[in-house]
Amino acid sequence: MQDLMNVSYDTQIPNNVGLSSDKRVLKALEKWHPGYINWWNDLIPDNFQQSLVYLRTAVSVDPKGWAKFDYVKMPEYRWGVLLAPQVEDRKIPCGEHAGEVAWQEVPGEYRNMLKRLIVIQGDTEPASVEQQRFLGLTAPSLYDMRNLFQVNVEEGRHLWAMVYLLHKYFGADGREEADDLLRRSSGSEEAPRMLGAFNEETPDWLSFFMFTYFTDRDGKMQLESLAQSGFDPLSRTCRFMLTEEAHHMFVGETGVGRTIERTCQVMKENGIDDPYDVDKIRSFGVIDLPTIQKKLNLHYTLSLDLFGQEVSTNAANAFNAGIKGRYMEHRIDDDHKLTDDTYVVWNMEGDQAVQKEVPALTAINMRLRDDYTRDASGGIQRWNKIIEKLGVDFKLKLPHEAFNRKIGVFSGHNFDPEGKLVSGAEYDAGIPNWLPTHADGDFIQSLMKPVYEPGQYAGWIAPPKVGIDNKPGDFEYVKLHVA
Amino acid sequence: MNKPLKQHLIDPEICIRCYTCEMSCPIDAITHDENNVVVDASKCNFCMDCIPVCPTGSIDEWRVVEKPYSLEEQYSWMELPVQQDVGGASENGVEALDDAMAQLLAEAHKGAGGKSRPPASASKPSVNLYNLAKPVVAKVQGNYRLTSENSDTDVRHIILDFGSHPFPVLEGQSIGVIPPGQDANGQPLLPRLYSVSSPRDGERPNYNNVSLTVKREPNGACSNFICDRNIGDELQVTGPFGATFLMPNDPSARLLMICTGTGSAPFRAFTMRRQRASAGATGDMVMFFGARTPDSLPYFGPLKKVPDRILKKHLVFSREPGQDKEYVQDRMRVEEAAISDMIRDPRTHIYICGLRGMEEGVEATFGAIAERAGLSWSTVRDAMREDGRYHVETY
């Protein structure tokens, strides 16, 4: 009997999908493999490739096996194809096929729609590794460097997951798409990544933490809705990816939290009560809270754009086809078809932002975005608790969803972070207070000096409360290769 | 008075509310409100499924309590309460969650002279996935005699297959085997502990199997039972147990291993782990292994084949015809320079495993070697132990 829980290492590609008895797909993946390794090797600076990094690797997809920690050189990381165990008699959870047996093969009529969703998801995975490629050079500690590399190798594994689906279920087109995932490259002139947010380099560690908190959380929501797919292999793939995605959320939330903690500590140590006394706070080498609020405004609003148009027929079609569900579809108590339901979305009527009911089927994106906002606001509260505990009078908050939007009904209109429509002049005057300026970027950049001593942290960030895998504070998370 | 009990808690200051634990709990013991994610003490059965899935480490919190904290109390927390003073509870490196097994291990590790700690770079062990109330069934996949037919000791290499049941075990950990039969009160007999002799990825890599090294003891209720099993027979297994006698993952760590008889089991696992996992390990491994004669020394053949650059072997025999009796401590004295060098190196980890009787001679020899190096052995040993670098397991 095939063992679908434990990872098999009898082929070059660790997997729990029985690759060794699926010669066609194995051959296709083995052909793709060298290109992937080349992509990885060209990406991250060589001395990090040679370093021993304390990483977790999944050895099985049940809870006990998917987080085994050990020192690994990143190019030797066991990337592989891991799917959550198949649920017996799983049914299609939503849309016109709701209640029918989930598909184990691609239904012909939805082939192109499915392929496109998989390619878009797949394209974001290597893109973020590309965006973050140089961050190791300015890591504020070995602990943070290890977390960065963990995120990177797992994004690499998520690429593998999508590439497996393309090779296994989409024949020649699938192989071509898989090759294109390695051909496109973040920020490239001729072949950029598919989504705009994935073509900007991540310039500094605060941006990285904000990215993992806000943008990876969009990724989490997309995975959540694909985990509800009636196409069972996609659902199983995404369910396992979600377990890894939780680590990325953790890196973001604690990274921003530790930055805030350090700022507040330094303010208190130096008797600074006014959080807006920016120059004085910066003179002690920490990032002032108003600048952190500006970074938050930027990353949150960029991430909202990733959800697309508020009213979308593509999203409606995907839901109706049972290809993509809603967040926590199985916990929603309705008919899962949305034939007569409505949902409230934003729209612009002249100069007025109004909320109105539209058919729920067309508002799938909006609903996911609302779920995202709820999910994202939890961390803000916990950051505020840190500020409060350290006795600083300041509160971070999410800006209004109309602010700084490039996609959807608000794009092209000048809203302030409170959601008030303002004149062009007011907008220009407000922007330096609402979004990070180049000068803010320069200041943050000036703090980005690497700290490579075990147990030591850069001055702008507090140490974590708990080590990875419960390791002690001075644990050497990365044994740096010295050439 | 109520017996104190161990309660599983989540640290609300560390938790990021990703709910991965809640989704992975097989019995819905984890739940959340707007504020916190919490564990229901009346449901949690310590299966540990939620521990590795947590990205933050907030889930690995335990308090020994007289009365468990209620869900409402836990929902209201902004931070975790400190451990109350309940009967000397210490939560570092919990070796086993049931008292009987914890006691057996405490007894075995007594020779370290104080509370044992795991090496700083050791992997985090899983403990007590299976217990007397809920054992796992393992199938015997192999049973080979390791000592020669002429030898009067019968030591066997037993391979157990766990099929589809997860059984993550680290080198140096033990598993319990439940012997057949009942005690005088009609209760099942307590499991006997055996140290695994295979590395963490299995006797055969990535097959879900482990090997044991079992010596047939006269009248041994469990050892005879195991040694008599045929391929395909089933055993009831508990564990894994043990959270301190573990190997460092650090490839530059140096290992000094001293054993007699079946005490070699964990060292076979350590050696195989190094061979499989850390090609290019820079730390050396040195082994002192005592037996009566070569044909009663388990793994004599395979051991000879491990190259010296990986493992420096000192095989000593106390009943070799025509030769003087030699015990491990005798050879240690001969190798004084090497040992003296190792005990001064902060990368060195010392492991002693075997019959209780060997402890005294080995201790005395370390003492003498340290003294000649101008060191106090008890100071060196205590510092190494506090650092997770000195480990004793004797029986």
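Note that this is a predicted model, so its numbers are computed, not measured.

Section: the overall build of chain B
Thinking step 1. Looking only at helices and strands, one finds 11 helices and 15 strands in chain B.
Thinking step 2. Sorting the 395 residues of chain B into buried and exposed places 44% on the buried side.
Thinking step 3. Here the contacts in chain B between residues at least 6 apart in sequence split such that 75% fall between residues at least 24 apart.

With respect to the overall build of chain A
Thinking step 1. Looking only at helices and strands, chain A features 13 helices and five strands.
Thinking step 2. Residue burial in chain A is summarised as follows: out of 483 residues, 49% are buried.
Thinking step 3. Nonlocal contacts in chain A, meaning residues at least 24 apart in sequence, comprise 69% of its contacts between residues at least 6 apart.

Considering the interface of chain B and chain A
Thinking step 1. Taken together, the 27 residues of chain B in the interface contact 30 residues of chain A.
Thinking step 2. Where the side of chain B that touches chain A is concerned, the elements lending two or more residues are α1 (20–24) and α2 (50–53) of chain B.
Thinking step 3. Counted by class, the side of chain B that touches chain A contains 12 nonpolar, 10 polar and five charged residues.

Here's the deal with the packing of helix α3 (residues 111–131) of chain A against helix α5 (residues 171–183) of chain A
Residue and element names in this part refer to chain A.
Thinking step 1. The geometry of α3 relative to α5 is characterised by a closest axis approach of 10 Å and an angle of 20° between their N-to-C directions. One way to sum up the angle between α3 and α5 is to call them roughly parallel. Between α3 and α5 lies a crossing of right-handed hand. Across the interface between the two elements, K115, V119, G122, D123 and P126 from α3 touch D173, E177 and L181 from α5.
Thinking step 2. Classifying every residue of the contact of α3 with α5 by side-chain character gives three nonpolar, one polar and four charged.

Quick look at the sheet that holds strand β7 (residues 174–177) of chain B
Residues and elements named next belong to chain B.
Thinking step 1. An order of β8-β7-β10-β5-β6-β9 is seen for the six strands of this open sheet, with the pairing classed as antiparallel. The two strands at the open ends of the sheet, each matched to only one other strand, are β8 (192–195) and β9 (209–215). Along the sheet, successive strands turn relative to each other by an average axial angle of 40°, direction set aside.
Thinking step 2. Two strands pair when backbone bridges link them, and strand β5 (residues 136–145) and strand β6 (residues 155–161) are joined in this way by six bridges, in the antiparallel orientation. In the strand pairing of β6, G142 is matched with I159.

Digging into the pairing of strand β10 (residues 234–241) of chain B
Residues and elements named next belong to chain B.
Thinking step 1. Burial analysis of β10 places six of its eight residues in the buried class, the great majority of the element.
Thinking step 2. Across four bridges, β5 lies against β10 in antiparallel orientation. Bridging across to β10, K139 finds its partner in E234.

Quick notes on the confidence of the model for chain B
Residues and elements named next belong to chain B.
Thinking step 1. Of the residues in chain B, 96% reach a pLDDT of 70 or more, and the chain-wide mean stands at 88.
Thinking step 2. pLDDT under 50 marks residues 87–91. Its contacts with residues more than four places away, or in other chains, come to five contacts.
Thinking step 3. Note on the complex model: pTM 0.69, ipTM 0.77.

A word on the environment of B:S296
Thinking step 1. Along the chain, the position of B:S296 falls in the loop between β12 (285–291) and α7 (300–305).
Thinking step 2. Once the C-alpha coordinates of B:S296 and B:D154 are considered, the two residues, 142 residues apart in sequence, prove to be 7.9 Å apart.

Section: the packing of helix α6 (residues 205–226) of chain A against helix α7 (residues 232–269) of chain A
Residue and element names in this part refer to chain A.
Thinking step 1. Across the interface, α6 lies against α7 with an axial gap of 8 Å and an inter-helix angle of 155°. In this view, α6 runs roughly antiparallel relative to α7, as classed from their interaxial angle. As α6 packs across α7, the resulting crossing turns out to be left-handed.
Thinking step 2. Classifying every residue of the contact of α6 with α7 gives 13 nonpolar, six polar and six charged.

Brief notes about unusual backbone geometry
Thinking step 1. Backbone torsion omega between B:G239 and B:P240 reads -5°, so that peptide bond is classified as cis.
Thinking step 2. For B:P240, the position within the fold is in strand β10.
Thinking step 3. Positive phi values are uncommon outside glycine, yet A:M328 reaches one of about 55°.
Thinking step 4. With respect to the element layout, A:M328 can be found in the loop between α10 (313–321) and β3 (342–349).
Thinking step 5. The backbone phi angle of B:N219 is positive, close to 65°, even though this residue is not glycine.
Thinking step 6. With respect to the helices, strands and loops of the structure, B:N219 is situated in the loop between β9 and α5 (223–227).

Some details on the sheet that holds strand β5 (residues 478–479) of chain A
Pairing between the strands of a sheet is mediated by backbone hydrogen bonds and can be parallel or antiparallel.
Residues and elements named next belong to chain A.
Thinking step 1. With antiparallel pairing, the three strands of this open sheet are ordered in space as β2-β1-β5. Strands with a single pairing partner mark the edges of an open sheet, and in this sheet they are β2 (68–73) and β5.
Thinking step 2. As defined by bridge partners, strand β1 (residues 52–57) adjoins β5 across two bridges and the pair is classed as antiparallel. If you follow L52 over to β5, its bridge partner there is K479.
Thinking step 3. Set on the sheet, helix α4 (residues 142–169) makes contact with β1 and β5; between it and β1 the angle comes to about 50°.

Focus: the environment of A:E177
Residue and element names in this part refer to chain A.
Thinking step 1. Its place among the elements puts E177 in helix α5.
Thinking step 2. Classification of E177 by C-beta neighbours within 10 Å gives buried; the count is 20.
Thinking step 3. Sequence spacing of E177 and V163 is 14 residues, and the spatial spacing of their C-alpha atoms is 8.4 Å.
Thinking step 4. Look past the residues within four positions of E177 in its chain and what remains in contact with it is K115, V119, L166 and F170.

Concerning the environment of A:N433
Thinking step 1. On the secondary structure map, A:N433 appears in helix α12 (residues 424–434).
Thinking step 2. Between the alpha carbons of A:N433 and A:K294 there is a distance of 7.2 Å; along the sequence they are 139 residues apart.

Rules used throughout
Residues numbered from 1 in each chain as written. Chains lettered and ligands numbered in written order. Predicted model: local features only at pLDDT ≥ 70, side-chain atom pairs only at ≥ 80, totals over all residues. Helix = DSSP H or I, 4+ residues; strand = E, 2+ residues; numbered from the N terminus. Buried ≥ 20, exposed ≤ 12 C-beta atoms within 10 Å, placed from the backbone. Contact = placed C-beta atoms within 7 Å. Nonpolar A, V, L, I, M, F, W, Y, C, P; charged D, E, K, R; others polar. Axes fitted to C-alpha atoms, helices over the stretch in contact; angles between N-to-C directions. Parallel < 35°, antiparallel > 145°, perpendicular 65-115°, else oblique. Left-handed = near helix turned anticlockwise from the far one by under 90°. Pairing = 2+ DSSP bridges. pLDDT = per-residue confidence, 0-100.

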